[in-house]
Amino acid sequence: MFVMLIRKEENMKNIILNHKKTFIAILFIAAAIISFQIFREDTENITNWSPDNKDNTTNTGTTYNEQIMPNMMMQDPAALNQTTTKNDISNSTIGLSVGGAKDINNFRKNINYGYLPNIDDITYEGLFYDYYFETGKQESKCDELFCPVYTYAVSKDPLINKNEYYLSVGLNSNIKKSDFRRKKLNLMVVLDHSGSMGGRFDKYYYNKFSEKSSNYKLNQDDNIKTKLEIAKETIVEILKHLNEDDRFGFTIFDDTARVIIPLTNVDKQEVPVLREKILSVETGGGTYLESGIKTASYQFDYADAGKKGYENRMIILSDEMPNIGLTGEDELLELIKGAAKEKIYTSFIGIGIDFNASLTEAISKVKGANYYSVHSSGEFKKRLNDEFDYMVTPLVFDLELSLKSEGYKIVQIYGSPEANLSSGEIMKVNTLFPSEKKDEQTKGGVIIIKMKKISDDPNITLKVSYKDRNGKLSSNSKNISMTGNNNEYYDNTGIRKAILLTRYADVMKLWLGNEKNRKISNINEAGGYKEKNFINSDGKKIQLNKWERQSNTLTIAGEYKELFGSFKKYFDAEITAIGDKTLNVESKLLDKLINTD
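As the structure is a computational prediction, the values presented were derived from the model and not from experiment.

Asker: I would appreciate a short explanation of the overall build of the chain in the present structure.
Answerer: Summing up its helical and strand segments, the chain has 15 helices and 24 strands in all. When the 597 residues of the chain are sorted by exposure, 54% land in the buried category. In the chain, 80% of the contacts between residues at least 6 apart in sequence involve partners at least 24 apart. When the accessible surface of the chain is split by element, carbon and sulfur atoms take 48% of a total near 27200 Å².

Asker: So what exactly am I meant to see when it comes to helix H10 (residues 329-341) here?
Answerer: Because an α-helix completes one turn every 3.6 residues, residues spaced three or four positions apart along the sequence face the same direction. Relative to the 18 Å expected for 13 residues at 1.5 Å per residue, H10 spans 18 Å between its end C-alpha atoms, a close match to the ideal helical length. Buried within H10 are the following residues: Leu-332, Leu-333, Leu-335, Ile-336, Ala-339 and Ala-340. Angular distribution of buried residues about the axis of H10 spans 155°; they occupy a single face of the element. For H10, the exposed residues set more than 90 degrees away from the buried face come down to Asp-330 and Lys-341. Tucked into the core, H10 has its buried residues touching helix H9 (289-302), strand E11 (310-318), strand E12 (344-351) and helix H11 (357-363). Looking one or two residues past H10, Lys-343 carries a phi angle of roughly 60°, positive in sign.

Asker: What is the right way to look at the pattern of salt bridges in this model?
Answerer: Working definition: two side chains of opposite charge can pair if their charged atoms are close together. In total, this model carries 28 salt bridges according to the counting rule given. The salt bridge involving Lys-240 is made with Glu-237; its shortest N-O contact spans 3.3 Å. In this structure, Lys-240 and Glu-237 share a single accessibility class: buried. In this structure, the salt-bridge partner of Asp-580 is Lys-497, at a minimum N-O distance of 2.4 Å. One end of the pair, Asp-580, is in the loop between helix H14 (558-578) and helix H15 (584-594); the other, Lys-497, is in helix H13 (residues 493-521), with 83 residues separating them in the sequence. The exposure class of Lys-497 is buried, given its relative accessible area of 3%. Taken together, the shared-partner salt bridges in this structure form one network comprising Asp-103, Arg-383, Glu-387 and Lys-443.

Asker: Looking at this model, I keep getting lost on the environment of Glu-144. Mind explaining?
Answerer: One can find Glu-144 in the loop between strand E4 (132-134) and strand E5 (149-157). Given a relative accessible area of 3%, Glu-144 falls into the buried group. In this structure the side chain of Glu-144 is engaged in a polar contact, spanning 3.3 Å, whose partner is the side chain of Tyr-466.

Asker: Which parts of the structure should I look at to understand unusual backbone geometry?
Answerer: Note: most peptide bonds trans; most residues except glycine with negative phi. The phi angle at Glu-320 is positive, at roughly 60°, despite the residue not being glycine. Structurally, Glu-320 can be placed in the loop between E11 and H10.

Asker: Looking at this structure, how should I read the sheet that holds E12?
Answerer: Within a beta sheet, neighbouring strands are joined by backbone hydrogen bonds and run either parallel or antiparallel to one another. Strand order in the open sheet formed by 7 strands is E3-E13-E12-E11-E8-E9-E10, with mixed pairing between adjacent strands. The open sheet is flanked by strand E3 (100-101) and strand E10 (257-265), the only strands paired with a single partner. By the bridge criterion, 7 bridges tie strand E8 (residues 184-192) to strand E9 (residues 247-253) in an arrangement that is parallel. What sits directly across from Asp-192, in E9, is Phe-253. Against the sheet, helix H12 (residues 377-391) touches E8, E11, E12 and strand E13 (370-374), its axis set at about 170° to E13.

Asker: Sorry if this is basic, but what is going on with the packing of aromatic side chains here?
Answerer: To describe a pair of aromatic rings, one takes the distance between the centres and the angle between the planes. Tallied over the entire structure, the rule returns 15 aromatic pairs. Aromatic side chains Tyr-345 and Phe-397 sit 5.5 Å apart centroid to centroid with 35° between the ring planes, which places their arrangement in the tilted category. A residue pair is termed long-range when its members are at least 10 positions apart, and Tyr-345 in strand E12 and Phe-397 in strand E14 (residues 396-404) qualify at 52 residues. In this pair, the class of Tyr-345 matches that of Phe-397, namely buried. Centroid distance Phe-567 to Phe-571: 6.1 Å. Interplanar angle 45°. Geometry classified as tilted. Highlighted residues: Phe-567 and Phe-571, both in helix H14, separated by 4 residues, approximately one helical turn. Given a relative accessible area of 1%, Phe-567 falls into the buried group. Through successive ring pairs, a cluster of aromatic residues spans Tyr-504, Phe-567, Tyr-570 and Phe-571. Sitting over the ring of Tyr-132, Lys-438 keeps its end group 4.5 Å from the ring centre.

Asker: Just to check I follow, could you spell out the nonpolar core for this structure?
Answerer: Considering soluble globular proteins, one finds that nonpolar side chains tend to be buried as a cluster. Phe-107, Tyr-504, Met-508, Trp-511, Phe-564 and Leu-593 are the most contacted members of the largest nonpolar core, which has 42 residues in total. If you list the elements that add at least two residues to this core, you get helix H5 (105-112), helix H6 (124-128), strand E19 (446-453), H13, H14 and H15. Looking at which element gives the most residues to this core, the answer is H13, with 11 residues. The contact partners of Trp-511, leaving out residues within four places of it in the chain, are Ile-111, Leu-116, Pro-117, Leu-554, Thr-555, Ile-556, Tyr-560, Phe-564 and Leu-593.

Asker: I tried to follow the state of the cysteines on my own but got confused; where do I start?
Answerer: Counting across every chain of the model gives 1 disulfide. Put simply, Cys-142 and Cys-147 are joined by a disulfide, and their sulfur atoms are 2.1 Å apart. The sign of the -85° torsion about the S-S bond sets the Cys-142-Cys-147 disulfide as left-handed. Note on accessibility: Cys-142 and Cys-147 belong to one class, buried.

Asker: Please clarify how the pairing of E19 should be interpreted in this entry.
Answerer: Both faces of the sheet carry side chains from a regular strand, because those side chains alternate between them. A large share of E19 lies buried, amounting to 6 of its 8 residues. In this structure, strand E6 (residues 162-170) lies alongside E19, joined through 6 bridges in antiparallel fashion. Considered in E19, the bridge of Tyr-165 is made with Met-451.

Asker: Even after reading the chapter, I still don't get the side chain of Asp-319, so can you show me in this structure?
Answerer: Within the element layout of this structure, Asp-319 appears in the loop between E11 and H10. A polar side-chain atom of Asp-319 sits 2.8 Å from a polar atom in the side chain of Lys-227. Sequence-distant contacts of Asp-319, that is, excluding residues within four places in its chain, are made with Asp-192, Ser-196, Met-197, Lys-227, Ile-351, Asp-354, Phe-355 and Asn-356.

Asker: When you look at the environment of Glu-574 in this model, what are you seeing that I'm missing?
Answerer: Looking at the element boundaries, Glu-574 is found in helix H14. Separated by 77 residues in sequence, Glu-574 and Lys-497 have C-alpha atoms that sit 8.0 Å apart. For Glu-574, the residues in contact, after removing those within four places along its chain, are Tyr-490, Arg-496 and Leu-500. Polar contacts involving the side chain of Glu-574 include one to the side chain of Arg-496, which spans 2.8 Å.

Asker: Hey, could you run me through the sheet that holds E19 in this one?
Answerer: Here 5 strands make up an open sheet; going across it, the order is E15-E19-E6-E5-E22 and the pairing antiparallel. Whereas interior strands pair on both sides, the edge strands pair on one side only; in this sheet they are strand E15 (408-414) and strand E22 (489-490). For E5 and E22, the ladder comprises 2 bridges, and the chain directions are antiparallel. Counterpart to Val-154 in the pairing with E22 is Tyr-489.

Calculation notes
- Each residue is numbered by its place in its chain's sequence as written, counting from 1.
- Reporting in this predicted model follows two pLDDT cut-offs: at least 70 for local features of residues, and 80 or more for side-chain atom pairs to be given and counted; totals over whole chains, interfaces and linings ignore these cut-offs and use all residues.
- Only heavy atoms go into the side-chain values, all of them from the structure, while hydrogens and water stay out.
- In DSSP terms, a helix is any run of H or I states spanning at least four residues, a strand is any run of E spanning at least two, and both are numbered starting from the N terminus.
- Buried means the residue's accessible area, taken with a 1.4 Å probe over protein chains only, is under 20% of the maximum for its type, while exposed means over 50%, and partly exposed covers the values in between.
- Whether two residues are in contact is decided by their heavy atoms, any of which lying within 4.5 Å being enough.
- Accessible surface is estimated by sampling points in the Shrake-Rupley manner with a 1.4 Å probe; for residues, cover comes only from the protein chains shown.
- Helix span, as expected, comes to 1.5 Å for every residue beyond the first.
- It is the directions from the helix axis to the C-beta atoms whose arc is reported.
- The rule for a salt bridge is simple: a side-chain nitrogen of Lys or Arg has to be within 4 Å of a carboxyl oxygen of Asp or Glu.
- Polar contact criterion, stated in full: a pair of N or O atoms within 3.5 Å, where within protein one must be able to donate a hydrogen and the other to accept it, and residues adjacent in sequence count only if both atoms are side-chain atoms.
- Strand pairing is defined by DSSP finding a minimum of two bridges between the two strands.
- Fitted lines through C-alpha atoms give the axes, limited to the stretch in contact for helices. The angle between two N-to-C directions lies from 0 to 180 degrees.
- Each pair of aromatic rings taken from Phe, Tyr and Trp, with Trp reduced to its six-membered ring, is defined by centres within 6.5 Å and is described as stacked if the planes are under 30 degrees apart, edge-to-face if over 60, and tilted in the remaining cases.
- Any Lys NZ or Arg CZ that is within 6 Å of a ring centre and within 35 degrees of that ring's normal is treated as a charge sitting over the ring.
- By nonpolar core is meant a set of buried Ala, Val, Leu, Ile, Met, Phe, Trp, Tyr and Cys residues that side-chain atoms within 4.5 Å join together.
- For the purposes of this analysis, a disulfide is any pair of cysteine sulfur atoms at a distance within 2.5 Å.

In structure tokens:
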């Protein structure tokens, strides 16, 4: 009903006047449907989902050498695009993906605009979430919330020509897509309306105090819009995804923070009034992010947000350049952690080309947190339409996978924001969110474990434990054997694609790390890394803090152009082998870097 009020409020009068009898009939049908929904048992809702089998299960794996061939026979790419039948839809399950970054838009946009990205603009989990992965099938029935499937690969590194060993954790669930319902939502939207939000999307705000500029032109629809305008339009789009029994509140911050709309039931608020209040916000002064977070958090206390059956979430829209109050990443991280302990989880929506992903990456490594970046209202509208319910519904918490083996140990984790918490035997992930499945492939549905072979013992025991949204602890385990895997081998296209993307991100991070070090070491040379101060138009000396950004021109040293050229040959060959043309996005970006002057 709430969505209808927004989208069709202008047509309602005509419907009533011209089709009275039809309208009355529709009202009776709607009332019957609503009555039915009221009396539905909560067990149909994902908020109370639980497995039929209450006992933890232990699955015994099969030996991989029974399936080994010297080279993997690739699937026909057409098989990945088969039409799904109605019966498949009713029985299909949703997948899972990790929290943290949900895209690498800022990385790609900076390159397209001719700017040098920040090394934190590209993350493995953000890159994975741009793609669908074959995650493997269960060997036996899984009655648990989380149903991991493990696949294995031996893959030759194209740069060092040496075999590497990988294990993929397929993030599957046992939740039928037809059964998924998000909880009722307590939602506080927190909008940064500081001066920097008045900057345009194709510009770094702090460039206006220097000679830096961009030749990149925005699409016609967005060529005069500011970051604040796009942020406000995004919030209006969020409203369309709320139901009558959800609660909505709105807080803004610049030098100070204030509540514009207290956390209140949606059915008690007038849609035109909400939109007017949101769209009327204008740019202000500094960026007091701490105050915005605290002010919004207090609303959950005032509104009795601990009410059973509700999900609590803050969505913060900002370019993430705080300069008042607490600005340290550890300090802000503690604020988000404190909210999470009260089951108030946070989503960040980074606005604009100069969005500081480094800060957001640091403070979103918290239970229930995720973040996105936005560069046009139309771009994010589609994402909201497809993913809003998933975005606000964490399902799995405190995931821990232990690997016990005399033959292998964990070297590195790809695809988890908590990779630094992992060790030689343990992998940790704070949160898994629901994720879309398409043609039996899951969006962002993998975590990759790179392993070191330390002996010829092929046996590995994998045990995973996790908590559901109600704190219930579950676990399952599996034994696998890697006997015979000495030649290049991939269990499926999913692990092959994930390995390809990890190597792609590795190459990009290597380049960006080198550029950062080179610029810092040449800070006083012409064209070097900018100093942390500048002179504004009034002749006043301004000092930037670590989060306030000016742009750096896209530069690629000659040796990295050669590296990109060599890597692109491998990348394009893998696209053909995997049969996934969606990977051409990265191939074209490599071309741009190779051809950059």
